[in-house]
Amino acid sequence: MESYLAILQIPAVWLCTAAVLGLLTGSFLNVVVARLPVMMEREWHDDCTILQGGDPPERATFNLAVPRSHCPHCGEVLQARDLVPVLSWLWLRARCRHCQAAIAWRYPALELATAGLFVACASTFGVGVAAIAAMGYSAALLTLAAIDLDTMLLPDSLTQPLLWAGLVLTLTPWGWISVTDAVAGAAAGYAALWVVGTAFRLATGKEGMGQGDMKLLAAMGAWLGWQNLPGVVLAASLVGVAGGLGMRLAGRLAKDEPLPFGPCLAGAGLAALFWSDMMQWWR
Ligand SMILES: [Zn+2]
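Residues numbered from 1 in each chain as written. Predicted model: local features only at pLDDT ≥ 70, side-chain atom pairs only at ≥ 80, totals over all residues. Heavy atoms only, no water.

1. Brief notes about the coordination of the zinc ion
Geometry sets the ideal angles at a metal, namely 109.5 degrees for four tetrahedral donors and 90 or 180 degrees for six octahedral donors.
Step number 1: The protein atoms donating to the zinc ion are Cys71 (SG), Cys74 (SG), Cys96 (SG) and Cys99 (SG), with metal-donor distances spanning 2.3 Å.
Step number 2: What the four donor atoms of the zinc ion show is an angle range of 106 to 114° at the metal, which sorts the shape as tetrahedral.
Step number 3: One chain supplies every donor for the zinc ion, spaced along it as C-x2-C-x21-C-x2-C. Note that Cys71 is positioned in the loop between helix 2 (11-51) and helix 3 (87-91) and Cys96 in the loop between helix 3 and helix 4 (106-125), a separation of 25 residues in sequence.
Step number 4: Accessibility expressed as a relative area gives 7% for Cys71, which makes it buried. (Donors = N, O, S within 2.8 Å, 3.2 Å for Na, K, Ca; no water. Tetrahedral: all angles 85-135°; square planar, octahedral: opposite > 155°, others 65-115°. Helix = DSSP H or I, 4+ residues; strand = E, 2+ residues; numbered from the N terminus. Buried < 20%, exposed > 50% of the residue type's maximum accessible area, 1.4 Å probe, protein only.)

2. Describing a nonpolar patch on the surface
Step number 1: Side chains of Trp226, Leu234, Leu238, Trp281 and Trp282 sit close together on the surface and give an oily, nonpolar patch of about 550 Å² of accessible area.
Step number 2: If you trace the backbone, Trp226 turns up in the loop between helix 8 (211-224) and helix 9 (229-249).
Step number 3: For Trp226, a relative accessible area of 35% puts it in the partly exposed group. (Patch = residues over 30% accessible without salt bridge, like charges linked within 9 Å, V, L, I, M, F, W, Y side chains within 5 Å. Areas by Shrake-Rupley, 256 points an atom, 1.4 Å probe, with all protein chains shown as cover. Salt bridge = Lys/Arg side-chain N within 4 Å of Asp/Glu carboxyl O.)

3. Examining the pattern of salt bridges
Step number 1: Enumeration according to the criterion identifies five salt bridges in this entry.
Step number 2: With a shortest N-O distance of 2.5 Å, Arg97 and Asp82 are connected by a salt bridge. With a gap of 15 residues between them, Arg97 in the loop between helix 3 and helix 4 and Asp82 in the loop between helix 2 and helix 3 connect regions that are remote in the sequence.
Step number 3: We note a salt bridge from Arg201 to Glu207, for which the minimum N-O separation is 3.8 Å.

4. What about the domain arrangement of the chain?
Step number 1: When the domains of the chain are assigned, the result is domain 1 (1-127) and domain 2 (132-283).
Step number 2: A straight line from the C-alpha centre of domain 1 to that of domain 2 covers 23 Å.
Step number 3: Facing the 22 residues of domain 1 at the interface are 19 residues of domain 2.
Step number 4: Roughly 1,600 Å² of surface becomes buried between domain 1 and domain 2 when both sides are summed, with 88% attributable to carbon and sulfur atoms.
Step number 5: Here domain 1 is connected to domain 2 by one salt bridge.
Step number 6: Taking the shortest distance from any N to any O, the salt bridge between Asp150 and Arg106 comes out at 2.9 Å.
Step number 7: Elements with a contribution of two residues or more to the side of domain 1 that touches domain 2: helix 2 and helix 4.
Step number 8: Looking at the side of domain 1 that touches domain 2, its residues break down into 18 nonpolar, three polar and one charged. (Domains from an automatic or database assignment. Contact = heavy atoms within 4.5 Å. Buried area = accessible area lost by both parts, 1.4 Å probe. Nonpolar A, V, L, I, M, F, W, Y, C, P; charged D, E, K, R; others polar.)

Given below as structure tokens:
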């Protein structure tokens, strides 16, 4: 075992391992992004039906593993050769092997983004558990950003484990911030957006900040420490305002249509992982 792990100390091997791990993880994240919101919606429907005294309908099993990956257009189950991250998409020229329907570019894009982030984690944190933890944090933020873009939801089933994982990491030898900074970060992250959201609601009578955004910033506070939060919130707000204006000018966003804040927060939270010094410019 020792000798197998020693080979990872060669920088090129470590970075390549991270890239391959990132591509495979990205492929799985595509499944999570597509299925988790559907699973949540079914659960809500079933809960409502039960509350109203009915019986939830019988349905075919649907979770992250079942049914097998298939073409959303023709339903043909994909073979292993069609599931190779990025490469299958290139080989198939972005078309389904069976029905020729276009395969969205966002699938390989998410795989490449995950690989890029994993390589960045590997190079920033070096060989070891800290890098693996940072990869987990990056993967969670990417998934949350993609789901929020699609559905305006930030599932508790992702933000809550992310928060706890961040706190627990500081109790291990591999954490890179203190327990105090992490707990203060989690509390301050939630509180900061709660204050903003409540002020917005009192001023406008509208819900401006989702609970999910507060939980996401709490989780990022647990991973990054409270010291990174001012920079993260500022960067996310700037990106949000610029993105909202840009999309409105381009006619992609209607006047009262809300913009998901999760992707802006996640982007800033990833930047803070790699450029913590820059995010703490105020210190
Ligand atoms: Zn097809």
